[in-house]
Amino acid sequence: MSTNLLHVDASILGSNSVSRRLSAEVVEKLANADPGLRVIRRDLAAIPIPHLSGPIFAASQSGDAPSDPALRADLALGREVLDEFLAADVVVLGLGLYNFG
């Protein structure tokens, strides 16, 4: 049975991000140690996940598919992200810390 790893990056600094480099190194070491490792990568700066809103919550509680295409897309993305998280045996988070002071 292979191990599932979810790698989440959130830094807005792209290639200048230290947290992205560090989390990539961790994932690389884990992948080298486990050749069967299945890695799913989620970049929250490139593809943000919408915040929970009243319409999203109401649509998720209803048994009916919403008529608004944007709301349907938000719900589908939320299900996809939740499924990735629940399927993960390991989660690696690359979270940016900003100190502009």
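Residues numbered from 1 in each chain as written. Predicted model: local features only at pLDDT ≥ 70, side-chain atom pairs only at ≥ 80, totals over all residues. Heavy atoms only, no water.

Draft legend 1. Broad picture of the pairing of strand β2 (residues 38–43). One ladder, built from six bridges, connects strand β1 (residues 4–9) with β2; its direction is parallel. Directly across from Leu-6, in β2, lies its bridge partner Ile-40. For the handedness criterion, the β-α-β arrangement of β1, helix α1 (residues 18–33) and β2 is classed as right-handed. (Pairing = 2+ DSSP bridges. Helix = DSSP H or I, 4+ residues; strand = E, 2+ residues; numbered from the N terminus. Right-handed = clockwise from strand over helix to strand, strands pointing away.)

Draft legend 2. Structural view of the environment of Leu-37. Looking at where Leu-37 falls in the secondary structure, it is placed in the loop between α1 and β2. For the pair formed by Leu-37 and Leu-52, sequence separation is 15 residues and the distance between their alpha carbons is 31 Å. What Leu-37 contacts, discounting residues up to four positions off in sequence, is Thr-3, Leu-5, Leu-30 and Ala-31. (Contact = heavy atoms within 4.5 Å.)

Draft legend 3. Local environment of helix α3 (residues 69–87). With 19 residues, α3 extends 27 Å between its outermost C-alpha atoms, agreeing within 8% with the 27 Å of an ideal straight helix rising 1.5 Å per residue. By the burial criterion, the buried members of α3 are Leu-71, Leu-75, Leu-77, Val-81 and Glu-84. Among the residues of α3, the N-terminal cap falls to Asp-68, whose side-chain oxygen and the backbone nitrogen of Ala-70 are separated by 3.3 Å. (Expected span 1.5 Å × (residues − 1). Buried < 20%, exposed > 50% of the residue type's maximum accessible area, 1.4 Å probe, protein only. Polar contact = N/O pair within 3.5 Å; in protein donor to acceptor, adjacent residues only side chain to side chain.)

Draft legend 4. How the structure looks around the confidence of the model for the chain. When pLDDT is averaged along the chain, the result is 91; 97% of the residues meet or exceed 70. Helix α2 (residues 54–61) is the least confidently modelled element of the chain, averaging 86 in pLDDT, while β1 averages 98, the highest of any element. (pLDDT = per-residue confidence, 0-100.)

Draft legend 5. Representation of the pattern of salt bridges within the structure. The final tally for this structure, using the stated rule, is six salt bridges. One salt bridge in this structure joins Asp-43 and Arg-41, with 4.0 Å as the shortest N-O distance. By relative accessible area, Asp-43 is classed as buried at 18%. In this structure, Glu-80 engages Arg-42 in a salt bridge whose closest nitrogen and oxygen atoms are separated by 3.1 Å. With Glu-80 in helix α3 and Arg-42 in strand β2, this residue pair connects regions lying 38 residues apart in the sequence. (Salt bridge = Lys/Arg side-chain N within 4 Å of Asp/Glu carboxyl O.)

Draft legend 6. Spatial organisation of the packing of α2 against α3. In the contact formed by α2 and α3, the axes pass within 10 Å of each other and the chain directions differ by 70°. Put simply, α2 runs roughly perpendicular to α3. Here Pro-55, Ile-56, Ala-59 and Ser-60 of α2 lie close against α3, whose contacting residues are Leu-71, Asp-74 and Leu-75. Along the lines of polarity and charge, the residues of the contact of α2 with α3 split into five nonpolar, one polar and one charged. (Axes fitted to C-alpha atoms, helices over the stretch in contact; angles between N-to-C directions. Parallel < 35°, antiparallel > 145°, perpendicular 65-115°, else oblique. Nonpolar A, V, L, I, M, F, W, Y, C, P; charged D, E, K, R; others polar.)

Draft legend 7. Local environment of a nonpolar patch on the surface. Together, Leu-82, Phe-85, Leu-86, Val-91, Leu-93 and Leu-95 line one region of the surface with nonpolar side chains, adding up to about 590 Å² of accessible area. At the level of secondary structure, the elements contributing two or more residues to the nonpolar patch comprise α3 and β3 (90–94). Counting residues per element, the nonpolar patch draws most heavily on α3, at three residues. On the secondary structure map, Leu-82 appears in helix α3. (Patch = residues over 30% accessible without salt bridge, like charges linked within 9 Å, V, L, I, M, F, W, Y side chains within 5 Å. Areas by Shrake-Rupley, 256 points an atom, 1.4 Å probe, with all protein chains shown as cover.)

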